[in-house]
Amino acid sequence: MALSGNLNIINYEDTGNILTSSFTVPVDVGEDDPYYAQRGTTVERYTSESIAVSSSYNNAYVKIKASNVWVGMEPTMDTGSFHVAITYRVYGSQASRSADISNYLEQHCIETTWDNDVDSNIFTKSYATLKYELGANTLTDV
């Protein structure tokens, strides 16, 4: 099982620049506000700048490397929710993957939910998720 077709992937890369923003916390914020202790003052925040970088591939071949089901637990609860982490690789073509499995162009991981009452086959769920996330109108099952 794999996907093939035209693909456009957008990645966000850190530029190395730090952006500064500031805001004044109102004096009358509630006690439950995370900035309650700073009310009436100006707070500075720092964030890393990133840029969107687009990669386009014609007739790409997408293959799953791994799919893992895991449980996200809440600290105060006895139950959690199930998730699937899908690691996939993008190859230039099916032939390039067949020639050298380590000759991939990109590798990424995406996550989605897993419902034990609905989902039964991890690979079917994983490929359906990839097809939806990466472009159902440009990728076909191969």
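Residues numbered from 1 in each chain as written. Predicted model: local features only at pLDDT ≥ 70, side-chain atom pairs only at ≥ 80, totals over all residues. Heavy atoms only, no water.

**Student:** What is the right way to read the environment of Met73 from this model?
**Tutor:** As for its position among the elements, Met73 is in strand β2 (residues 42-73). If sequence neighbours within four positions are ignored, Met73 has contacts with Asp78, Thr79 and Gly80. (Helix = DSSP H or I, 4+ residues; strand = E, 2+ residues; numbered from the N terminus. Contact = heavy atoms within 4.5 Å.)

**Student:** Can you help me understand the sheet that holds strand β5 (residues 139-141) in this one?
**Tutor:** The strand order β4-β3-β2-β1-β5 describes an open sheet built from five strands, whose pairing is antiparallel. The outermost strands of the open sheet, each flanked by one partner alone, are β4 (106-113) and β5. Strand-to-strand twist across the sheet, computed as the mean angle between neighbouring axes with direction ignored, equals 35°. The sheet contact formed by strand β3 (residues 80-91) and β4 spans eight bridges and is antiparallel. Residue pairing in the sheet places Val84 in a bridge with Thr112 of β4. Seen against the sheet, helix α2 (residues 122-134) touches β1 (3-24), β2, β3, β4 and β5 and runs at an angle of roughly 120° to β2. (Pairing = 2+ DSSP bridges. Axes fitted to C-alpha atoms, helices over the stretch in contact; angles between N-to-C directions.)

**Student:** Whenever I open this one, the pairing of β3 confuses me. Can you help?
**Tutor:** Looking along a regular strand, one sees the side chains alternate between the two faces of the sheet. With nine of 12 residues buried, β3 is to be regarded as a mostly interior element. Sheet topology note: the β2/β3 ladder contains 12 bridges and is antiparallel. Bridge pairing in β3 links Tyr61 to Tyr91. A loop of six residues connects β2 with β3, the two strands running antiparallel in sequence. (Buried < 20%, exposed > 50% of the residue type's maximum accessible area, 1.4 Å probe, protein only.)

**Student:** What am I meant to see in the pattern of salt bridges here?
**Tutor:** Think of it this way: side chains of opposite charge can pair up when their charged atoms draw near. One pass over the full model with this rule turns up two salt bridges. One salt bridge connects Asp119 with Lys125, and the closest N-O pair in it is separated by 3.5 Å. For Lys131, the salt bridge identified is with Asp141, shortest N-O distance 3.5 Å. Of this pair, Lys131 sits in helix α2 while Asp141 sits in strand β5, and the two are 10 residues apart along the sequence. With relative accessibility at 22%, the residue Lys131 sits in the partly exposed group. (Salt bridge = Lys/Arg side-chain N within 4 Å of Asp/Glu carboxyl O.)

**Student:** Please clarify how α2 should be interpreted in this entry.
**Tutor:** Since the α-helix turns once every 3.6 residues, residues separated by three or four places project in the same direction. Its 13 residues give α2 an end-to-end C-alpha distance of 18 Å, which sits within 8% of 18 Å, the value for a rise of 1.5 Å per residue. Of the residues making up α2, those classed as buried are Ile122, Lys125, Ser126, Tyr127, Thr129, Leu130 and Leu134. For α2, the secondary structure elements touched by its buried residues are β1, β2, β3, β4 and β5. Its side-chain oxygen at 2.9 Å from the backbone nitrogen of Phe123, Asn121 defines the N-terminal cap of α2. Taken from the residues just after α2, Gly135 is the one with a positive phi, measuring 130°. (Expected span 1.5 Å × (residues − 1). Polar contact = N/O pair within 3.5 Å; in protein donor to acceptor, adjacent residues only side chain to side chain.)

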